Each structure stands twice: as C-alpha cells, then as structure tokens.
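Breakdown of the fold
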Amino acid sequence: MKRSAHAVSLTTGMLTTRARMLPSFLIVGAQRCGTTSLYRALSRHPLIVKPVLRKGVHYFDVSYDRDLSWYQAHFPLKATGQRLERRHGHRTQAFESSPYYLFHPLAAARISWNLPGVKLIVLVRDPVERAASAHAHELARGFEVEPSFERALDMEDARLAGEIARLRESPHYLSHAHRHHAYVARGRYAEQLNRLELLVGRDRLLVLDSGRFFREPEPVYDRVLEFLGLPRLGDPVFEVHNAQPRTSEMPLSVRRRLSAHFGPWDALLKQWLGTEPSWHR
C-alpha cells in the first residue's frame, strides 16, 4: 500500500513539476549520526516543508539516471510555500535528508550543478561508534551478511576495492558495497567535507556534532535556524529516531584499532566544528 501511494503521489508530482518547490537545503549525512532526528525536528517548523512521502529522495546518489523533474516531483507545491510565507512573513524552505550524499563521490558535484546556492547540513559523531552502529543497522536490514563486526571490518578494503573508480567511470553504476559496507571509510569525515567545500564553498556548509545535538538539542537547533535564516516559531520536539540495539559489546582491541585509525581524521574536524569533537572531550 505504501509503494502504491508513493507511485500515485509521484505520478501526480510529475504532472505538476513546474509548480513544485526545489530544496533550499539538504541534510547530506553522515549515516547513523542523527540525521533522522534532526530531520523530524526541522520538519515540524512552520516554514520548513519536507518531501511528500519520504525523508530521503536519494536523487543525487542512486537515482541520477532520472531527470531533475523526477526529483522536483517529490516536493510540495509552490502554492503551499507561498501560503506559509504569507502567514508567517518569511520565505518557506523545502528540504530532504539523504545520508549517502556525503559519501558518494559524485553527489556533491551533482548537487552543486543542479541546486546552485543550496545549503548543506552535515552531522558527525564518534566514528568508532558510528561504524559499529552502521554494522548493526545494515545487518538488521539484511544488507550485511557477516554477523561479526570485527570480521566485517577486515573485509571492508576488499569489498570496496575499485568501487569509487567504477562509480566515477559509470555515473549510473550502483555499488552495494560502497553504500552498505563502508564502516571505516564513512567515518573519515574530514575527507568528505573537504570535497564538499571545494564544490559548494564553506559558507554554505554547516557541520554539527551529533553528540552535542543529543545532549543539548535546543542551541544546536537554533544554530541551524540561524544558518538557514529562519525565525524560531513554536517549540520544537526532540526525539531519538532509528537507534539500533547491538547484540554484543565491541572488543577493546577493535575499539583501540579504530580509535588509532580515526585519530588524525578527528583532529581535522576542529576547523569545521570550532572546537574539539565531543567524543574527545
């Protein structure tokens, strides 16, 4: 029923593409860093409108074989935005949240080309915990078949070998391993942020520490509104979404191995966060 409803909605959207909004900002990642929780909080703001049926459209990563009208069909009508503008006296902004955009090697260039001026929000968390959370998440969804986190880490380099080159050489190529098995690679946040900065500029990027967001959501939320140029309207509701329970504790040897690997990458985050990452304080 949900698939049918989405098909009907998309068909309707395609017939009214030119009358629909395009996003003013995107939450682009990172995966397992609180993107859904921030998405839910922002979607309750009276001047922020989300895609019609789903949180992430995934146009710039896995659906770029379609044209921009397909993407635009996912968003509310411009008339809806204009009605909200008249009511609240500020411009309405549409958005979506697709956490693979940050990691996909072509997504940033596509976003820059198709959505000039769009603002991007990135959340980061302890990459050691992110990796373990991602493994549990992919295992629960059936995209991972290796139950041992340590073994999956050992397999990562072989699984991802050559995948970035294939994605760049064949723009419509879809890599299961790159999307679902990059437990360590996705945690090298600074590498991905540097790519975004080169393509969209630092002034259009907001990097948030999800540890702080979950401890002190209100000031982080206010910072997002300031970045977007939106007023605070009403009291937001902050909830934790998509938390994935783990079946076992991470072995100390694995934690030490990952901490050593991520140490130099975490040090580079200070320039983006303006302070030490919360997991190093």
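Read on for an overview of the structure. (Residues numbered from 1 in each chain as written. Predicted model: local features only at pLDDT ≥ 70, side-chain atom pairs only at ≥ 80, totals over all residues. Heavy atoms only, no water.)

Looking at the side chain of H45
So the rule is basically this: Each helix is a run of DSSP H or I of at least 4 residues and each strand a run of E of at least 2, with the numbering of both proceeding from the N terminus. The buried label applies to any residue whose accessible area, calculated with a 1.4 Å probe on protein chains only, is under 20% of its type's maximum; exposed applies above 50%, and partly exposed to all values in between. In the analysis that follows, any N or O atom pair within 3.5 Å is treated as a polar contact, provided that within protein one partner can donate a hydrogen and the other can accept it, and provided that, for residues neighboring in sequence, both atoms belong to side chains.
Mapped onto the elements, H45 comes out in the loop between α2 (35–43) and β2 (48–49). Here H45 falls in the buried class, since its relative accessible area comes to 2%. Within the structure, H45 has its side chain in polar contact with the backbone nitrogen of L47 (distance 3.0 Å). Among the polar contacts listed, one links the side chain of H45 to the backbone oxygen of P231, at a separation of 2.7 Å.

Here we look at the packing of helix α6 (residues 107–114) against helix α11 (residues 189–200)
As a reminder of what qualifies: Each axis is a line fitted through C-alpha atoms, and for a helix only the stretch in contact is used; angles between axes span 0 to 180 degrees, taken between their N-to-C directions. The cut-offs work like this: below 35 degrees is roughly parallel, past 145 is roughly antiparallel, 65 to 115 is roughly perpendicular, and the gaps in between are oblique. Two helices that cross are described as forming a left-handed crossing if the nearer one is turned anticlockwise from the farther one by less than a right angle, and a right-handed crossing if clockwise. It only takes one pair of heavy atoms within 4.5 Å for two residues to be counted as in contact. Note that Gly is not counted as nonpolar here; it falls among the polar residues with everything else outside the nonpolar set of Ala, Val, Leu, Ile, Met, Phe, Trp, Tyr, Cys and Pro and the charged set of Asp, Glu, Lys and Arg.
It is at 9 Å that the axes of α6 and α11 come closest, and there the two elements cross at 25°. When the axis of α6 is compared with that of α11, the two are roughly parallel. Two packed elements cross with a definite hand, and for α6 against α11 that hand is right-handed. Contacts from A108, A109 and S112 in α6 reach L196, L199 and V200 in α11. Of the residues belonging to the contact of α6 with α11, the class tally is five nonpolar, one polar and no charged.

Overview of the pairing of strand β4 (residues 119–124)
Rules: Two strands are said to pair when DSSP picks up at least two bridges between them.
Extensive coverage of β4 is indicated by the burial of five of its six residues. Both β4 and strand β5 (residues 205–209) contribute to a ladder of five bridges, which runs parallel. Counterpart to V122 in the pairing with β5 is V207.

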